[in-house]
Each structure stands twice: as structure tokens, then as C-alpha cells.
Amino acid sequence: MASPSTSPQSPASSQPLSPSSAALHTPENTRISERSPSPMRGFLIPSPLPTRRTRTMSATARAAEGPVFKGTCKCFSRCKGHGFILPADGGAEIFVHISDIEGEYVPMEGDEVSYKVCSIPPKNEKIQAVEVVITHQAPGTKHETWSGHATI
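Residues numbered from 1 in each chain as written. Predicted model: local features only at pLDDT ≥ 70, side-chain atom pairs only at ≥ 80, totals over all residues. Heavy atoms only, no water.

- As recorded by an unreviewed UniProt entry, the protein chain carries the name CSD domain-containing protein and is attributed to Scyliorhinus torazame.

**Brief notes about the packing of aromatic side chains**
Logical step 1: Applying the stated criterion to the full structure yields three aromatic pairs.
Logical step 2: For the pair F84 and F95, a centre-to-centre distance of 6.0 Å together with 70° between the ring planes defines the contact as edge-to-face. Here F84 is found in strand β2 (residues 82-87), whereas its partner F95 is found in strand β3 (residues 94-97), with eleven residues between them in sequence.
Logical step 3: With a relative accessible area of 25%, F84 lands in the partly exposed category. (Phe/Tyr/Trp six-rings, centres within 6.5 Å; stacked < 30°, edge-to-face > 60°. Helix = DSSP H or I, 4+ residues; strand = E, 2+ residues; numbered from the N terminus. Buried < 20%, exposed > 50% of the residue type's maximum accessible area, 1.4 Å probe, protein only.)

**What about the environment of A63?**
Logical step 1: Structurally, A63 can be placed in helix α1 (residues 57-65).
Logical step 2: Separated by 66 residues in sequence, A63 and A129 have C-alpha atoms that sit 9.2 Å apart.

**Points about the sheet that holds strand β5 (residues 126-136)**
Logical step 1: Pairing in this closed barrel of five strands is mixed, and the strands run β1-β2-β3-β5-β4 around the ring. Within this sheet the neighbouring strands show an average axis-to-axis angle of 50°, counted without direction.
Logical step 2: Across the sheet, α1 is in contact with β4 (112-120) and β5; its angle to β4 comes to roughly 140°. (Pairing = 2+ DSSP bridges. Axes fitted to C-alpha atoms, helices over the stretch in contact; angles between N-to-C directions. Contact = heavy atoms within 4.5 Å.)

**Concerning the environment of T151**
Logical step 1: Along the chain, the position of T151 falls in strand β7 (residues 150-151).
Logical step 2: Considered as a pair, T151 and Y105 are 46 residues apart in the sequence and their alpha carbons are 9.4 Å apart.
Logical step 3: Apart from the residues within four sequence positions on either side, T151 is in contact with Y105, T141, K142 and H143.

The following block contains the structure:
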């Protein structure tokens, strides 16, 4: 029979012992490493990129009223959730987020697209493509739908 001093909960006290007590102990040779204290632990840091979900109504309205541009998909990574478009007029490449792509197909390199532009806060110096639609698929490439089915 166990003595009151070795049992995890003694009959004299009705409160269980803390998890660091003998009931839950680590082996003697095991080193416990604590995570470094971070002032941001427990806080979610918002993404600096405005997605369709986080874009303001005024930015959405300005983009919807703007002109439609044409370009070619330079690259798009479904895993990363973004890519770039080369404008048809030869300007700098434009960022595109996965949430701003319309239609059932994932853009591939060489696809012709139409899009509108929206500025990226906080300084509004850069732009991103919104309301992106694939107008012509690149010939000879297999296109994948958002559900994962491949087509020719």
C-alpha cells in the first residue's frame, strides 16, 4: 500500500498536485527547452497584401470603375497563392493574388489575361491586378481547374 507522501494525491488535501509534480515528471537526462519570449506571441499579424476579402469597399469600387488592361501571365504558383502578369503595353510586371482570379482555371505561363488594377497600401506606390480573367489559354499546355482536374 502506498504511503500518503508518495501518492499523487494525499488524502489530507483534496486538491490534485500541479503538473510539474512527481505525477508528471520528465526523465532526469532530458533537458526542457523553453521557447524564447516573443512580444508578438499570441497575436496574428495581418498580411500586408490586400486580398479580395481584406480590400476596402472604396478600393474595390475604384478598381471596378477603372479600365480593363490586357497582358500575359508570366508565372503563377498555386502553392504560394500569387503570381505576376506582364502587361501588353510593356510596363513593369504586376502582382496578382489568388483571390483575384475569376473563372475555373488556374493561370499558366503564357496565358493571355484581362485585368483591372488596384493600388497596394499603405503607400499606394505599387499596383496589383484584380478581376483577372483568362481570355486565351496558352496553346499546348495542360490547364488545371481549381478542383484539381487537368484538361488539355
